[in-house]
Amino acid sequence: AVVSTQSTGISRVIQEVYGGQVQNQLAGPAGSESTLPLQQQLLLCSVAIATTGKRQGERMSESVLFGRLHVILSKVCADRMLSCPDFSEFVDMTGMLESRGLVSIKRHKEKRQQAVCLRIQPKELEQVLEDRTLLASIMDNAAKFVR
């Protein structure tokens, strides 16, 4: 009998086997260090804002809908005086973060209703982001982004 497997299932098994180490998730070709583009870093910060309590560092909700996450990302980008990606670019960026194993996407037939979950611990987020001051300043102002 032939068994059909999705690539997300395979990546999930590989991540569990290798411990989901952040360094492995960011490794480029031949083990070279790869960094995330600034907009993807801001997207990761936005997911952290939406799913993590500000002071306690504990999870508030398991996931955030694409529509809400795009609004939060728009506010973060506006605060940083950067252009915000449109919704289709946002969907592509989220897919890239999923392929690196940093987030997971719960599929829905309507894109805005898809949900995003952070697959790394909030403390591991510092390792992923090059600019720790960026993360700190965004998380300190989290209250104004989630309103």
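Quick caveat, the model's predicted, so the values are computed rather than measured.

**Quick look at the state of the cysteines**
Within the structure shown, the criterion is met by zero disulfides. Its sulfur unpaired, C77 is 4.5 Å from the next cysteine sulfur, which belongs to C84. Note on C77: relative accessible area 1%, which makes it buried. The class of C84 is partly exposed, set by a relative accessible area of 29%.

**Observations regarding the packing of aromatic side chains**
We describe a pair of aromatic rings using the distance from one ring centre to the other and the angle between the two ring planes. The tally for this structure, following the rule as stated, stands at three aromatic pairs. Each ring, one from F66 and one from F90, has its centre 5.3 Å from the other, and the planes form 75°; the classification is edge-to-face. Residue F66 is found in helix α4 (residues 66-79), and its partner F90 is found in helix α5 (residues 87-99); the two are separated by 24 residues along the sequence. The buried category is assigned to F66, whose relative accessible area is 0%. For F90, a relative accessible area of 0% translates into the label buried. Both rings, one in F87 and one in F90, keep their centres 5.6 Å apart while their planes meet at 35°; by these two values the pair is tilted. In this pair, F87 and F90 both sit in helix α5, three residues apart, roughly one turn of the helix.

**Remarks on the pairing of strand β3 (residues 115-118)**
Going residue by residue along β3, you find A115 and C117 tucked away on one face and V116 and L118 tucked away on the opposite face as well. Direction of pairing for strand β1 (residues 64-65) relative to β3: antiparallel, over a ladder of two bridges. Bridge pairing in β3 links V64 to V116.

**Some details on helix α7 (residues 132-140)**
Residues L134, L135, I138 and M139 constitute the buried set of α7. For α7, the arc enclosing every buried residue in end-on projection is 120°, short of the 170-degree limit, so these residues lie on one face. Of the exposed residues in α7, those oriented more than 90 degrees away from the buried face are T133 and D140. Looking at the buried positions of α7, the neighbouring elements they touch are α3 (38-51), α4, α6 (125-128) and α8 (142-145).

**So, the sheet that holds β1**
Across the sheet, three strands lie side by side as β1-β3-β2; this open sheet has antiparallel pairing. Since the sheet does not close on itself, it has two edges, and those belong to β1 and β2 (103-106), each with one partner. The pairing of β2 with β3 spans four bridges and is classified as antiparallel. Looking across to β3, one finds that V103 is bridged to L118. On top of the sheet, α3 reaches β1, β2 and β3; it is set at about 90° to β3, its chief contact.

Scoring rules and cut-offs
Residues numbered from 1 in each chain as written. Predicted model: local features only at pLDDT ≥ 70, side-chain atom pairs only at ≥ 80, totals over all residues. Heavy atoms only, no water. Disulfide = S-S within 2.5 Å. Buried < 20%, exposed > 50% of the residue type's maximum accessible area, 1.4 Å probe, protein only. Phe/Tyr/Trp six-rings, centres within 6.5 Å; stacked < 30°, edge-to-face > 60°. Helix = DSSP H or I, 4+ residues; strand = E, 2+ residues; numbered from the N terminus. Pairing = 2+ DSSP bridges. Arc of directions from axis to C-beta. Contact = heavy atoms within 4.5 Å. Axes fitted to C-alpha atoms, helices over the stretch in contact; angles between N-to-C directions.

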